[in-house]
Amino acid sequence: MKKTKDHQYNKVSGILQPLRIEMTDRVQTIRTSYANMIQNGDLDPGDVLPSLGELAQDHGVAMPTMELAFLHLKEDGLIVFEDGRPVVAETHTQIPSLPAPISLAFNLLEMFDCEGHIKMRVQCLTAETLISMLELIIRGIRASGGKRPKSLDLQLLLPASDDKLDIPYYVDDRDDEEARERLRMLIKRAPKLLDDLAILKEDGLVPELKTEIRTVSGTPGSKFYYLEWSDEEQRMIGSKVLYGKYQREAVLRDGRKVVDTFGWKARLFSYSGRDPFAKEELASYLSIWENETTR
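Criteria and cut-off values
- Residues numbered from 1 in each chain as written.
- Predicted model: local features only at pLDDT ≥ 70, side-chain atom pairs only at ≥ 80, totals over all residues.
- Heavy atoms only, no water.
- Helix = DSSP H or I, 4+ residues; strand = E, 2+ residues; numbered from the N terminus.
- Buried < 20%, exposed > 50% of the residue type's maximum accessible area, 1.4 Å probe, protein only.
- Contact = heavy atoms within 4.5 Å.
- Areas by Shrake-Rupley, 256 points an atom, 1.4 Å probe, with all protein chains shown as cover.
- Arc of directions from axis to C-beta.
- Core = buried A, V, L, I, M, F, W, Y, C linked by side-chain atoms within 4.5 Å.
- Polar contact = N/O pair within 3.5 Å; in protein donor to acceptor, adjacent residues only side chain to side chain.
- Pairing = 2+ DSSP bridges.
- pLDDT = per-residue confidence, 0-100.
- Axes fitted to C-alpha atoms, helices over the stretch in contact; angles between N-to-C directions.
- Parallel < 35°, antiparallel > 145°, perpendicular 65-115°, else oblique.
- Left-handed = near helix turned anticlockwise from the far one by under 90°.
- Nonpolar A, V, L, I, M, F, W, Y, C, P; charged D, E, K, R; others polar.
- Salt bridge = Lys/Arg side-chain N within 4 Å of Asp/Glu carboxyl O.

Comments concerning the overall build of the chain
Piece 1. When its secondary structure is counted, the chain shows 8 helices and 14 strands.
Piece 2. Residue burial in the chain is summarised as follows: out of 295 residues, 48% are buried.
Piece 3. Look at the contacts in the chain between residues 6 or more apart in sequence, and 71% of them connect residues 24 or more apart.
Piece 4. Roughly 15,500 Å² of accessible area belongs to the chain as shown, and the carbon and sulfur atoms make up 50% of that amount.

Concerning helix H6 (residues 178-187)
Piece 1. Residues of H6 that are buried: Ala-179, Arg-180, Leu-183, Arg-184, Leu-186 and Ile-187. One face of H6 carries all of its buried residues, which in axial projection span an arc of 160 degrees.
Piece 2. Of the surrounding secondary structure, the elements contacted by the buried residues of H6 are helix H5 (128-142), strand S7 (151-159), strand S8 (169-170) and helix H7 (190-202).

Here we look at the nonpolar core
Piece 1. Leu-108, Phe-112, Met-120 and Leu-130 are the most contacted members of the largest nonpolar core, which totals 42 residues.
Piece 2. Where this core is concerned, the elements lending two or more residues are helix H4 (100-112), strand S6 (117-123), H5, S7, H6, H7 and strand S10 (222-230).
Piece 3. Per-element accounting of this core gives the leading share, 7 residues, to H5.
Piece 4. Residue contacts for Leu-108: discarding those within four places in its chain leaves Met-120, Met-133, Leu-134, Ile-137 and Leu-227.
Piece 5. Ranked by size, the runner-up nonpolar core spans 18 residues in total, among them Tyr-34, Ala-69, Leu-73 and Leu-78.

A word on the side chain of Ser-151
Piece 1. Structurally, the position occupied by Ser-151 is in strand S7.
Piece 2. A polar side-chain atom of Ser-151 sits 2.7 Å from a polar atom in the side chain of His-117.
Piece 3. Sequence-distant contacts of Ser-151, that is, excluding residues within four places in its chain, are made with Gly-116, His-117, Ile-118, Val-206 and Glu-208.

A closer look at the pairing of strand S12 (residues 248-251)
Piece 1. Direction of pairing for S12 relative to strand S13 (residues 257-260): antiparallel, over a ladder of 4 bridges. Among the inter-strand pairings, Ala-250 is bridged to a residue of S13, identified as Val-258.
Piece 2. Here S12 hands over to S13 after 5 residues, with Gly-255 in that stretch at a positive phi of 90 degrees.

Considerations on the environment of Met-63
Piece 1. Tracing the backbone through its elements, the reader meets Met-63 in helix H3 (residues 63-75).
Piece 2. In this structure the C-alpha to C-alpha distance between Met-63 and Leu-52, which are 11 residues apart in sequence, comes to 7.1 Å.

Re the side chain of Ser-222
Piece 1. Within the element layout of this structure, Ser-222 appears in strand S10.
Piece 2. Excluding residues that lie within four positions of it along the chain, Ser-222 makes contacts with Gln-123, Cys-124, Tyr-243, Gly-244, Lys-245 and Tyr-246.

A few points about the confidence of the model for the chain
Piece 1. Across the chain, the average pLDDT comes to 80, with 85% of residues at or above 70.
Piece 2. Of all the helices and strands in the chain, strand S2 (residues 16-18) carries the lowest mean pLDDT, 37, while S6 carries the highest, 96.

Remarks on the packing of helix H2 (residues 52-59) against H3
Piece 1. Two elements in contact, H2 and H3, have axes whose closest approach is 9 Å; the angle formed by their N-to-C orientations is 110 degrees. By the angle class used here, H2 and H3 are roughly perpendicular. For the element pair H2 and H3, the recorded crossing hand is right-handed. Mapping the contact onto sequence places Leu-52, Gly-53, Leu-55, Ala-56 and His-59 in H2 and Met-63, Met-66, Glu-67 and Phe-70 in H3.
Piece 2. Its residues placed into classes, the contact of H2 with H3 shows 6 nonpolar, 2 polar and 1 charged.

Focus on the pattern of salt bridges
Piece 1. Taken as a whole, this structure holds 9 salt bridges when the rule is applied.
Piece 2. In this structure, the salt-bridge partner of Asp-44 is Arg-274, at a minimum N-O distance of 3.7 Å. Taken together, the residues span a long stretch of sequence, with Asp-44 in the loop between helix H1 (24-39) and H2 and Arg-274 in the loop between strand S14 (267-272) and helix H8 (276-291) at a distance of 230 residues.
Piece 3. A salt bridge links Asp-231 to Arg-235; its shortest N-O distance comes to 2.9 Å.
Piece 4. Note on Arg-235: relative accessible area 52%, which makes it exposed.

Points about the pairing of S6
Piece 1. The buried count for S6 comes to 6 of 7 residues, which makes it a mostly enclosed element.
Piece 2. Judged from the 7 bridges that link them, S6 and S7 form a sheet pairing that is parallel. Across the sheet, Met-120 pairs through a bridge with Leu-154, a residue of S7.
Piece 3. Judged from the 7 bridges that link them, S6 and S10 form a sheet pairing that is antiparallel.

Right, dumping it as structure tokens:
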């Protein structure tokens, strides 16, 4: 039987069948749902899932839609197929990276959807990406019908703005302070975020609020976000670590080469809070917070 525009080749079963794939957002929704369950530890390595036919029936979608979603999960390294059935991969640590604003926005929206208790532990260079994303969340909370958490606990760890930052710098003149001064100005913006959050509490929109910024010497080489959310009864819903590296070289319009952070271009990798790497990074963050910071 020849492939036609009305049929597709099923990579899982090896059967040519009618092409009836729902809109891409249905595929992406299923893919994201199972990726989150794996990353959050709701599904453990080695768990055998129902057949794709059963899953398609449970989700009310056509079989090709479910197959395509799980082919993506297979390519992500989260799922393998054994005897034609999907199995959670034994070795997985992260889903593919996404640009920082997209990754952070997606995960913050998921977390703030719980209307329970939210905890955030953050270390970054300027908090520029975090501030812009939380400003959107704040507007949503203020909007009519916007979901509101019962409590928010935010710790933000930044470099001291008066420190000599290691980056950014011009390749031909590492002592030029022009680029570094821009970052210092961004670092000084961070306290305004806490002021905006405090107003939410004053207005009764977030009943319990705990926020603090501390500074530490040195320039971070990566951005770290620990996100944890639970329901109103303090039952854990999910936890994640988002982690990405700074530093990349670029050529400016005037031809000069610069090594800059480009934090908004940094790619964040997402780890389950139960992942060994995530636990190690969180422990390191907490140690720095308790022992090496200035209030």
